[in-house]
Amino acid sequence: MTVNLKKATTQTQETKKFMSVFLTNLTQYNSGNLVSLWLDLPTTTKTLKFALEKIGCGNNGDTSFSVNDEYFITDVDMDLNLEIPEFTNIFALNRVAEKIADLNIDPDILNAFLENGYTVQESIEKAENGEYRYYYGCDDMEDVAEIIAEESGIFDGVPETFRMYFDFKAYARDLEIEGCFYESDHGIIEVIK
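All values reported here derive from a predicted model rather than from experimental measurement.

Peer 1: Tell me what's going on with the packing of aromatic side chains, and back it up with residues and numbers.
Peer 2: Taken as a whole and assessed by the stated rule, the structure comprises ten aromatic pairs. Between the aromatic rings of Phe113 and Tyr118, the centroid separation amounts to 5.9 Å while the plane-to-plane angle is 75°, which identifies the pairing as edge-to-face. Taken together, the ring pairs in this structure connect Phe155, Phe166, Phe168 and Tyr171 into an aromatic cluster. Stacked on the ring of Phe155, the Lys or Arg Arg163 has its end atom at 4.9 Å from the ring centre.

Structure, rendered in structure tokens:
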């Protein structure tokens, strides 16, 4: 029995869906039955408890759900490059999803931090603090090098004929070696250390 709880969950305009998880009853799964549902996160604690009860997990009214309640996450749908272990506590995961949704930023920004070795919490904090620069529309590091060179003012007062001799490819290579950059579908993100 697979239930789609997406229709049952209502989201306010303040909270947007960050991820969907497929919650499964472990005991039923081990018995050969698939009792599970899709759940959008972030959501309310009430909806989480309802979802767990819907798949037959819970402690007979006890509100302290834990991994011992025998549920696991069998699938995740999200735009973030984040590993979600199958026995992750759904309430803790929901809190992380709330923090990320509250940031209201492009998931690629968090991916840039994660790809550069930061934890989820560190990535959230760095994103909140604006420790990144998004070069929208840049296709490669040469485009980024040109923007950085222009903004630095090195071409101020220099005739255009001399500008064409600047080696943006070499400068791009140096930037990439010295910095932390992440390529996304919409541009290049620099992680500021």
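Having seen the model, we can carry on.
Peer 1: Before we move on, could you go through the environment of Thr88 and cite the residues and values that matter?
Peer 2: Its place among the elements puts Thr88 in the loop between strand E4 (71-78) and helix H3 (90-103). Taking the relative accessible area as the measure of exposure, Thr88 reaches 18% and is therefore buried. Residues Thr88 and Phe72, spaced 16 residues apart in sequence, show a C-alpha to C-alpha distance of 7.2 Å. Non-local contacts of Thr88, meaning those with residues more than four positions away in its chain, are made with Tyr71, Ile73 and Leu93. Polar contacts involving the side chain of Thr88 include one to the main-chain carbonyl oxygen of Pro85, which spans 2.6 Å.

Peer 1: So, the environment of Leu37: which residues are in play, and what are the values?
Peer 2: You can see Leu37 is positioned in strand E3 (residues 36-41). Expressed as a C-alpha distance, the spacing of Leu37 and Thr74, which sit 37 residues apart in the sequence, is 9.9 Å.

Peer 1: Break down the sheet that holds strand E5 (residues 132-136) for me, citing the residues and quoting the values.
Peer 2: Taken in spatial order, the three strands line up as E5-E7-E6 in an open sheet, and their pairing is antiparallel. Strands with a single pairing partner mark the edges of an open sheet, and in this sheet they are E5 and strand E6 (180-183). The average angle at which neighbouring strand axes cross in this sheet is 20°, direction not considered. Note: E6 against strand E7 (residues 187-191), four bridges, orientation antiparallel. Residue pairing across strands places Cys180 opposite Val191, the latter belonging to E7. Sitting on the sheet, helix H4 (residues 107-115) touches E5, E6 and E7, and the angle it makes with E7 is about 50°.

Peer 1: Could you give an account of the packing of helix H2 (residues 45-54) against H3, naming the residues involved and the relevant values?
Peer 2: Between H2 and H3, the shortest axis-to-axis distance is 11 Å and the interhelical angle comes to 145°. Two packed elements cross with a definite hand, and for H2 against H3 that hand is right-handed. Where H2 approaches H3, its residues Thr45, Leu48, Lys49 and Leu52 are matched on the opposing element by Ile90, Phe91 and Asn94.

Peer 1: Please set out a negative patch on the surface residue by residue, giving values where relevant.
Peer 2: The grouping of Asp139, Asp140, Glu142, Asp167, Glu176, Glu183 and Asp185 at the surface amounts to a negative patch. Since its relative accessible area comes to 60%, Asp139 is described here as exposed.

Peer 1: Kindly report on the pairing of E7, identifying the contributing residues and their values.
Peer 2: Of all the five residues making up E7, five are buried; the element is thus mostly covered by neighbouring parts of the structure. Where E5 meets E7, five bridges bridge the pair, whose relative direction is antiparallel. Paired with Tyr132 across the bridge in E7 is Val191. A loop of three residues connects E6 with E7, the two strands running antiparallel in sequence.

Peer 1: How would you sum up a nonpolar patch on the surface? Please name residues and give values.
Peer 2: On the surface, Val158, Phe162, Met164 and Tyr165 cluster together into a nonpolar patch covering about 500 Å² of accessible area. With respect to the secondary-structure elements, Val158 resides in the loop between helix H6 (141-152) and helix H7 (160-163). Taking relative accessible area as the criterion, Val158 reaches 36% and is therefore assigned partly exposed.

Peer 1: Requested: an account of the packing of H4 against helix H5 (residues 120-128), with residues and values cited.
Peer 2: The N-to-C vectors of H4 and H5 enclose an angle of 130°; their axes lie 9 Å apart at closest approach. The pairing of H4 with H5 is recorded here as oblique in orientation. Of the two elements, H4 crosses H5, and the hand of that crossing is right-handed. Counting all contacts with H4, which are made through Ile109, Leu110, Phe113 and Leu114, the residues of H5 involved are Val120, Ser123, Ile124, Lys126 and Ala127. Taken together, the residues of the contact of H4 with H5 break down into seven nonpolar, one polar and one charged.

The rules behind the values
Residues numbered from 1 in each chain as written. Predicted model: local features only at pLDDT ≥ 70, side-chain atom pairs only at ≥ 80, totals over all residues. Heavy atoms only, no water. Phe/Tyr/Trp six-rings, centres within 6.5 Å; stacked < 30°, edge-to-face > 60°. Lys NZ or Arg CZ within 6 Å of the ring centre and 35° of its normal. Helix = DSSP H or I, 4+ residues; strand = E, 2+ residues; numbered from the N terminus. Buried < 20%, exposed > 50% of the residue type's maximum accessible area, 1.4 Å probe, protein only. Contact = heavy atoms within 4.5 Å. Polar contact = N/O pair within 3.5 Å; in protein donor to acceptor, adjacent residues only side chain to side chain. Pairing = 2+ DSSP bridges. Axes fitted to C-alpha atoms, helices over the stretch in contact; angles between N-to-C directions. Left-handed = near helix turned anticlockwise from the far one by under 90°. Patch = residues over 30% accessible without salt bridge, like charges linked within 9 Å, V, L, I, M, F, W, Y side chains within 5 Å. Areas by Shrake-Rupley, 256 points an atom, 1.4 Å probe, with all protein chains shown as cover. Salt bridge = Lys/Arg side-chain N within 4 Å of Asp/Glu carboxyl O. Lys, Arg positive; Asp, Glu negative; His and termini not counted. Charge placed at Lys NZ, Arg CZ, Asp CG, Glu CD. Parallel < 35°, antiparallel > 145°, perpendicular 65-115°, else oblique. Nonpolar A, V, L, I, M, F, W, Y, C, P; charged D, E, K, R; others polar.

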